[in-house]
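# Understanding the architecture of this molecule
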There are 4 protein chains.
Amino acid sequence: MTVRPGRRVAIGVFGGRDVGDDMLQMAEKVGSGIAKLGGILICGGMGGVMEAACIGAKSQDGLTLGILPTSTKEEGNSYLDITIATGMGSARNSIIVRSIDAAIAIDGKYGTLSEIAYCLEMGVNVIGLSTWNIEGVIEANSPEDAVAKAYENI
Amino acid sequence: MTVRPGRRVAIGVFGGRDVGDDMLQMAEKVGSGIAKLGGILICGGMGGVMEAACIGAKSQDGLTLGILPTSTKEEGNSYLDITIATGMGSARNSIIVRSIDAAIAIDGKYGTLSEIAYCLEMGVNVIGLSTWNIEGVIEANSPEDAVAKAYENI
Amino acid sequence: MTVRPGRRVAIGVFGGRDVGDDMLQMAEKVGSGIAKLGGILICGGMGGVMEAACIGAKSQDGLTLGILPTSTKEEGNSYLDITIATGMGSARNSIIVRSIDAAIAIDGKYGTLSEIAYCLEMGVNVIGLSTWNIEGVIEANSPEDAVAKAYENI
Amino acid sequence: MTVRPGRRVAIGVFGGRDVGDDMLQMAEKVGSGIAKLGGILICGGMGGVMEAACIGAKSQDGLTLGILPTSTKEEGNSYLDITIATGMGSARNSIIVRSIDAAIAIDGKYGTLSEIAYCLEMGVNVIGLSTWNIEGVIEANSPEDAVAKAYENI
């Protein structure tokens, strides 16, 4: 546990924009689970899995932060309390990874794969839910299990 | 007023790490003023003016966020609730500017000058307290005046 | 073929710093092959596969460019004609990918995986030599084959 | 003189996109002067002063490199041999500064001011031609003088 005194725990959620309803429901449960345990939810701030996780976090009065690929802070989904506008496109993925204590990846395509790769390179534990099968990812079998494992692996 | 519904107002504070006590006192008052009005304080997360502003914000139970130049989230001053670790050095200055609704610059050297330049380039209003005299900066004559002008110029 | 008139073709080489001699020999052949066909070699600028590829390119009087993770341009291997110092750590991987016409990945760990992911996300063709087995990577069976396939897939 | 053995000298040229003909003529002379002395011309890659400097450099068979704000390498002016696509907007200014041995600033607005500020912060000497009057900038009185002073201040 290397969380700095004062600094709040931050859990990242990765995943695609175009995913099925079952994945969105998992993401929402992941978001609410993170918020229940007091963590800040950090994500890429856009739609799909990211938005669903924010909806879940806000349902529990959690704090949501989006590290946006866009150059303006007004973009991103409607469930973000704070938006960091990087103007860097998907290069912002490394900033997300550097800023979190653990991550949960849900489904996702190549963008999610780059985030998983950064996690494993930088030593941030990443929990997987129906996502890329890369050596080093900790698999979970439910949203609740994923949240529990994320907090255990901070 | 272009603040997105849901998204909280964010005010940036710029300024140097090595500054006199008078500047630190001004920064602390600026930070507390921002928090009293409900804004999130976003800064570069390091010492000097940045730390003093965070101390002020926390004295009013405000929310503080540091967009760090460092590659690890454990760095930054001790009064930050959230740390975004960019690993980008002073290139992170443009991210700070993109993520705020208005800025207050206090004293500062060339790093602060680059932040002021980015504000003016990107159309973010910047209020100046004993800082660089660049055309476009809105001068303030006290910390209270600076906070008032920042909120007026969102 | 979308290479801009005037702009020279640029081929990226990805791969790890700590790799075996067989991989270094493959990288050197890849570098010389790229140079023989007139392309600029762009890489991350550090040691291992990256340095070996530069050695190969310089043996054929090719032009080598390193997009460094470091904040100073004096770092990077000794076989670079041009060094771009990003000061961004591995976030510079997305800049490498955006700047090349095709890529060759040799061996490599999670950093290389993030580069492959960025290629596939951004539509840059990536040829693989003993590297990550990710759907979308075009496999090659020799350095010569990799160079040929890279130029075919610009 | 801290130029790394093997690495070629790189001179940066800063300046605005919308400038008068007199500034464009100065920029062209600056570009040709840099190329005559064997340096690589590095700039932001877009129009105005940047394009004029590239035209000058290419008239002397110099090598031109644009560090683009855009996310695709096909953008930028038509006189660039190499394009680095950062996808980072004006945050790329710090990358330009980190990658050069000295800079020449011609005219320019707030974007140029941010580049000057980064130079002075990072200890890269910057020569000024009709540009921002900031303490630390070395003034030149002609394009030839600017080029001479840039090489003297590597």
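Below you will find a few notes about this structure. Predicted model only: the values in this text are computed from it and were never measured. (Residues numbered from 1 in each chain as written. Chains lettered and ligands numbered in written order. Predicted model: local features only at pLDDT ≥ 70, side-chain atom pairs only at ≥ 80, totals over all residues. Heavy atoms only, no water.)

Counted by the stated rule, this structure contains six aromatic pairs over all chains. A centroid spacing of 6.1 Å and a plane angle of 65° characterise the contact between A:Tyr118 and C:Tyr118, whose relative ring orientation is edge-to-face. Residue A:Tyr118 is located in helix α4 (residues 110-122), and its partner C:Tyr118 is located in helix α4 (residues 110-122); the two belong to separate chains. Of the two residues, A:Tyr118 and C:Tyr118, neither departs from the other in class, the shared state being buried. Where D:Tyr110 meets D:Trp132, the ring centres are 5.7 Å apart and the plane angle is 35°; that geometry is what we call tilted. Of the two residues, D:Tyr110 sits in helix α4 (residues 110-122) while D:Trp132 sits in the loop between β6 (126-129) and β7 (138-139), which places them 22 residues apart along the sequence. Given a relative accessible area of 22%, D:Tyr110 falls into the partly exposed group. (Phe/Tyr/Trp six-rings, centres within 6.5 Å; stacked < 30°, edge-to-face > 60°. Helix = DSSP H or I, 4+ residues; strand = E, 2+ residues; numbered from the N terminus. Buried < 20%, exposed > 50% of the residue type's maximum accessible area, 1.4 Å probe, protein only.)

As a further point, take the sheet that holds strand β1 (residues 10-15) of chain D. Residue and element names in this part refer to chain D. Across the sheet, seven strands lie side by side as β4-β3-β2-β1-β5-β6-β7; this open sheet has parallel pairing. Either end of the sheet is taken by a strand with one partner, and the two such strands are β4 (82-85) and β7. Pairing of strand β3 (residues 64-68) with β4, which is carried by four bridges, proceeds in the parallel orientation. When the sheet's bridge partners are listed, Leu 65 is paired in β4 with Ile 82. Against the sheet, helix α1 (residues 21-36) touches β1, β2 (40-43), β5 (102-106) and β6, its axis set at about 160° to β5. Lying on the sheet, helix α5 (residues 143-152) is in contact with β1, β5, β6 and β7; it crosses β6 at an angle near 175°. (Pairing = 2+ DSSP bridges. Contact = heavy atoms within 4.5 Å. Axes fitted to C-alpha atoms, helices over the stretch in contact; angles between N-to-C directions.)

Using the criterion set out here, one finds 20 salt bridges over all chains in the structure. With a shortest N-O distance of 3.1 Å, B:Asp145 and B:Lys149 are connected by a salt bridge. In this pair, B:Asp145 and B:Lys149 are both assigned in helix α5 (residues 143-152), four residues apart and thus about one turn of the helix distant. Take B:Asp145: its relative accessible area is 19%, and that puts it in the buried class. The partly exposed category is assigned to B:Lys149, whose relative accessible area is 22%. Here C:Lys73 ties to D:Asp101 by a salt bridge, and the two come within 3.9 Å at their closest N and O atoms. One end of the pair, C:Lys73, is in the loop between β3 (64-68) and β4 (82-85); the other, D:Asp101, is in the loop between α3 (93-98) and β5, on a second chain. When its relative accessible area of 7% is taken as the criterion, D:Asp101 is described as buried. (Salt bridge = Lys/Arg side-chain N within 4 Å of Asp/Glu carboxyl O.)

At the interface, 32 residues of chain D touch 31 residues of chain C. Remark: the boundary between chain D and chain C carries two salt bridges. There are ten residue pairs in polar contact (both at pLDDT 80 or more) connecting chain D and chain C. Broken down by secondary-structure element, the contributors of at least two residues to the side of chain D that touches chain C are β2, β3, β4 and α3 of chain D. Top element by residues in the side of chain D that touches chain C is β4(D). It accounts for four residues. Residue composition of the side of chain D that touches chain C, grouped by class: 13 nonpolar, ten polar and nine charged. (Polar contact = N/O pair within 3.5 Å; in protein donor to acceptor, adjacent residues only side chain to side chain. Nonpolar A, V, L, I, M, F, W, Y, C, P; charged D, E, K, R; others polar.)

Strand-to-strand pairing in sheets goes through backbone hydrogen bonds, with the strands running parallel or antiparallel. All names here are of chain B. Here we have seven strands laid out as an open sheet, ordered β4-β3-β2-β1-β5-β6-β7, and parallel in their pairing. Among the strands making up the open sheet, the edge pair consists of β4 (82-85) and β7 (138-139). Where strand β2 (residues 40-43) lies against strand β3 (residues 64-68), three bridges are found, and the strand directions are parallel. Considered in β3, the bridge of Cys 43 is made with Gly 66. The strands that helix α4 (residues 110-122) touches are β1 (10-15), β5 (102-106) and β6 (126-129); relative to β1, the one it contacts most, it runs at about 145°.

Inspection of the secondary structure puts A:Thr86 in the loop between β4 (82-85) and α3 (93-98). For A:Thr86, a relative accessible area of 0% gives the class buried. Ignoring any residue separated from it by four or fewer positions in sequence, one finds A:Thr86 in contact with A:Ile67, A:Leu68, A:Pro69, A:Thr70, A:Arg92, A:Ile95, B:Ile95 and B:Arg98.

We now examine the relation of the copies chain D and chain C. One copy of the chain maps onto the second through a rotation around an axis plus a translation along that axis. Mapping chain D onto chain C is achieved by rotating through 180° and translating by 0.0 Å along the same axis, at an RMSD of 0.0 Å. What the superposition gives is, in effect, a two-fold axis relating one chain to the other. Among all C-alpha atoms of chain D, that of D:Ile84 lies closest to the rotation axis, at 4.5 Å. An overlap of 97% is found between the interface residues of chain D and their copies at the interface of chain C, pointing to a shared contact surface. (Least-squares fit on C-alpha atoms with pLDDT ≥ 70 in both.)

What follows concerns α4(C). For the α-helix, the turn length of 3.6 residues means that residues three or four positions removed from each other point alike. Between the first and last C-alpha of α4(C) there are 18 Å, a value that for 13 residues agrees with the 18 Å anticipated at 1.5 Å per step. With respect to burial, α4(C) is a largely interior element, ten of its 13 residues being buried. Within α4(C), burial applies to C:Gly111, C:Thr112, C:Leu113, C:Ser114, C:Glu115, C:Ile116, C:Ala117, C:Tyr118, C:Cys119 and C:Leu120. The secondary structure elements touched by the buried residues of α4(C) are α3 and α4 of chain A together with β1 (10-15), α3 (93-98), β5 (102-106) and β6 (126-129) of chain C. The first or second residue beyond α4(C) is C:Gly123, which carries a positive phi of 80°. (Expected span 1.5 Å × (residues − 1).)

Attention now goes to the packing of helix α1 (residues 21-36) of chain C against helix α2 (residues 49-59) of chain C. All names here are of chain C. Interhelical geometry of α1 versus α2 gives an angle of 40° and a closest axis separation of 6 Å. Looking at the two axes, α1 sits oblique to α2. Every pair of crossing elements has a handedness; the one defined by α1 and α2 is right-handed. Only Val 49, Ala 52, Ala 53, Ile 55, Gly 56, Ala 57 and Ser 59 of α2 make contact with α1, whose side of the interface consists of Leu 24, Ala 27, Glu 28, Gly 31, Ser 32 and Ala 35. Of the residues in the contact of α1 with α2, the class split is eight nonpolar, four polar and one charged. (Parallel < 35°, antiparallel > 145°, perpendicular 65-115°, else oblique. Left-handed = near helix turned anticlockwise from the far one by under 90°.)

One non-glycine residue, C:Ser130, lies in the positive phi region at around 55°. Relative to the assigned elements, C:Ser130 resides in the loop between β6 and β7 (138-139). The residue D:Asp107 is not glycine, and still its phi comes out positive at about 55°. In this structure, D:Asp107 sits in the loop between β5 and α4.

Read these as layout, nothing more, since geometry by itself doesn't imply function.
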